[in-house]
Amino acid sequence: MKRFLAVAIAVALLAAAGFTAASALSGSSAAAPAATTTTTTASTTTAATTTTPAATGAEASTSTSGGDWVLIAIEGLIVVGFIALGVRTGGIGLGLWGGVGTLVLVFGFQLDPGEPPFDAMLIIIAVISAAAAMQAAGGVDYMVSIASRALRARPKAINYFAPYISYLLCILTGTSNTFFSIIPVINEVSYANKIRPERPLAASTVASAMGITSSPVAAAMATLLPLVEVYHYNLVDVLLITIPASIIGIFLMCLVMARHGKDLDQDEDYQRRLEAGLVEPPASAAAIEIKQYAKRSVAIFLGAVLLICIFGLFEGIRPTVTGEDGGTEPLAVTPIIQMLMLTAAALIVLFAKVGAGDIPNTSIFRSGMVAMIALFGIAWMADTFIANNEDAIVSALGDLAQKWPFMIAVSIFLVAALTTSQSAATRTMVPLGLALGIGAGYMIAMWTAVMGVLFLPANGTQIAAAEADTTGTTTLGKRVIDHSFQLPLQIAWITTAIVGIAIVAIFH
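Residues numbered from 1 in each chain as written. Predicted model: local features only at pLDDT ≥ 70, side-chain atom pairs only at ≥ 80, totals over all residues. Heavy atoms only, no water.

**Concerning helix H9 (residues 198-210)**
- Helix length check: H9 (13 residues) gives 18 Å between terminal C-alpha atoms against 18 Å at 1.5 Å per residue, within 8%.
- Burial of H9 is extensive: 13 of the 13 residues sit out of reach of the surface. (Helix = DSSP H or I, 4+ residues; strand = E, 2+ residues; numbered from the N terminus. Expected span 1.5 Å × (residues − 1). Buried < 20%, exposed > 50% of the residue type's maximum accessible area, 1.4 Å probe, protein only.)

**Describing a negative patch on the surface**
- On the surface, Glu315, Glu324, Asp325 and Glu329 cluster together to form a negatively charged patch.
- Looking at the element boundaries, Glu324 is found in the loop between strand E3 (320-322) and strand E4 (328-330).
- Here Glu324 falls in the exposed class, since its relative accessible area comes to 87%. (Patch = residues over 30% accessible without salt bridge, like charges linked within 9 Å, V, L, I, M, F, W, Y side chains within 5 Å. Areas by Shrake-Rupley, 256 points an atom, 1.4 Å probe, with all protein chains shown as cover. Salt bridge = Lys/Arg side-chain N within 4 Å of Asp/Glu carboxyl O. Lys, Arg positive; Asp, Glu negative; His and termini not counted. Charge placed at Lys NZ, Arg CZ, Asp CG, Glu CD.)

**Some remarks on the environment of Ile491**
- Among the structural elements, Ile491 can be located in helix H20 (residues 486-507).
- Taking the relative accessible area as the measure of exposure, Ile491 reaches 15% and is therefore buried.
- Taking the C-alpha atoms as reference, Ile491 lies 7.4 Å from Gly249; in sequence the two are 242 residues apart.
- Ignoring anything within four residues of it in the chain, the contact list for Ile491 reads Leu252, Met253 and Val256. (Contact = heavy atoms within 4.5 Å.)

**A few points about the pattern of salt bridges**
- Applying the stated criterion to the full structure yields five salt bridges.
- Close ionic contact of Glu198 with Arg196 constitutes a salt bridge, the shortest N to O distance being 2.8 Å.
- With a relative accessible area of 0%, Glu198 lands in the buried category.
- Residue Arg196 is classed as buried on the basis of its relative accessible area, which comes to 9%.
- The salt bridge involving Arg199 is made with Asp263; its shortest N-O contact spans 3.0 Å. Here Arg199, found in helix H9, pairs with Asp263, found in the loop between helix H11 (235-257) and helix H12 (268-275); they are 64 residues apart in sequence, far enough to count as distant.
- When its relative accessible area of 3% is taken as the criterion, Arg199 is described as buried.
- The partly exposed category is assigned to Asp263, whose relative accessible area is 28%.
- A cluster of three or more residues bridged by salt bridges with shared partners is formed by Arg196, Glu198 and Asp267.

**Points about the nonpolar core**
- Ranked by size, the top nonpolar core spans 143 residues in total, and within it Met253 and Met341 carry the most contacts.
- The element contributing the most residues to this core is helix H15 (residues 363-403), with 16 residues.
- Excluding its chain neighbours within four sequence positions, the residues that come into contact with Met253 are Ala203, Val206, Ala207, Pro488, Ile491 and Ala492. (Core = buried A, V, L, I, M, F, W, Y, C linked by side-chain atoms within 4.5 Å.)

**Things to note about the packing of aromatic side chains**
- Taken as a whole and judged by the stated rule, the model has five aromatic pairs.
- Centre to centre, the rings of Tyr160 and Phe251 are 6.2 Å apart; their planes meet at 35 degrees, and the pair counts as tilted. Linking Tyr160 in helix H7 (residues 158-173) with Phe251 in helix H11, this pair joins segments that are 91 residues apart in sequence.
- Each residue in the set Phe413, Phe455 and Trp493 is aromatic and connected to the rest through ring pairs, giving one cluster. (Phe/Tyr/Trp six-rings, centres within 6.5 Å; stacked < 30°, edge-to-face > 60°.)

As C-alpha cells, then:
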C-alpha cells in the first residue's frame, strides 16, 4: 500500500509534466524564440539577478514546434523503455541497455552524445577500492561485529541512525558521493541483524541527496546564494530554513521506512533466494572471526573519510589550482575524494597486510564495479536526451509554474529528475520563481525539491545501494518509477518543502 501510494504520487508528477508538455504542444508555433534576457551575475561580494517575463513561461515555449515536441516525446519514451529493459535485466544489464539506448539516440535521432558521469564513476572506483581493501582485511566484519553488539538491544535503530549519518556526511563534504563509502557498512549491519536492508539503504540514499540543500560547500548551494542574496537572504538564513526542515523530513521518512516491507525471515522472495543458494545466510556477530589487522584497516578507511569531511568543510586548507577563468581557486572536493580513497586503499594494502590480488575477489568490489558500469550506460543515455532537449523541457515546466506559482516546487522536482542535476534545477527554476513574485524565503523552502534527482533509478547512489543489497530487497523497480527509493523520496521532499514553508511563514 505504501509503495502504491509512492508510485501514485510519481505518476501524478509525470502527469503534471505531460500536461505541461501538452499545453506547450497545443500553443506552440514555429516562431523564432524570444530573446533571452535572464542574467545572473555573482561574485564573492555582490550578486544581481534580473528576469524579464518575456523570456519565460508560455512565450518561451513557442520556440519549440509541435513536430519537435512529438520527436522529444518519442525520444523520452525510448529512454524510459531502455531504462525499463535494463532494470528487468538487472545488475550490469542496466548499463548495457543504457549504452544501446545512447546508440539509438545518436545514430537514429542524430543527437549529440552527452557526457558520461566521469567524476561519479571515478569516485565509485576509488571508494570501492578502499572499501574492498578494508573488507579483504576483515575491517567490514569488525565494523559489523561492533555495530551488532551496539544494536542488539534495539536493532531497528539503524533505520534512523544511517540516514542521519548519510545526511551529515553530505553536509560536510558538499557531495552525496561520500555516501558510497558507507553503503557496504549499512548493508552488512542490516544483513547481520536480519533487518530488511532496503529500509536503511533506501532512506539513507534519499537523505544523502537531501544533504545538498543543507551544505555550505555544495555546488547547488553556491548556485542558489547569488539568486537570493539580493533579497537579503544569506547562507545562514538559507540553512536556518533547510536544515530544520530536512531533519523533520528525514525523521518522518525513517518512521515510515522502519515499518516498510516484510522482515527478512518473513519475506518470501528473500527466503526463496536463500534456499536457492543465491544469498548467503547472515552470520551472527559472535560467529565472525576478526582478522589480525581488521581494526587497522577500519582506522585507515575512517581516517580518509574524516579528512574528506575536513577538506569539504574548510575550503581554505585545500590546495589552490587554476580556475576556468584563468584565476586560482581551491581544489574541488571531487578529486580530493578520489585521491584520498585510493591512498587509503594503498595504505590498507601496506599496513593491513592485504594482497592487492585479494581486493577484486571481495563482494564489495564486484558489486561496485557492476554499479559503475550500470551508471555509465544509463547516465550517458539520460544526459544525451536531456542535453539536446533541455531548453524545451525547462520552458515547458516554466509554463506550468507561471500559470500556477505554487507548482514551482513540482517544477523544480521534475527538472532535477530529468536533468539529474541539482545545480541545473536551481539555475533554471529558482530565477523563474523569483520573477513570478514568489518570496525568496518560500523559494528556498521549495528549492529543497532538487532531491528529485532520485526520481528515476539513474543515480549512482541508487545503483550502488541496489547492487550492494544481495538480499534483493533494495531494487531499481520493474516499471522504472516503482523502485525502492520512490517511497522515501516522495515522503522526504513533500514533508521538507511543507515544513520549510511553515518555517518561513512563522519566522520570516
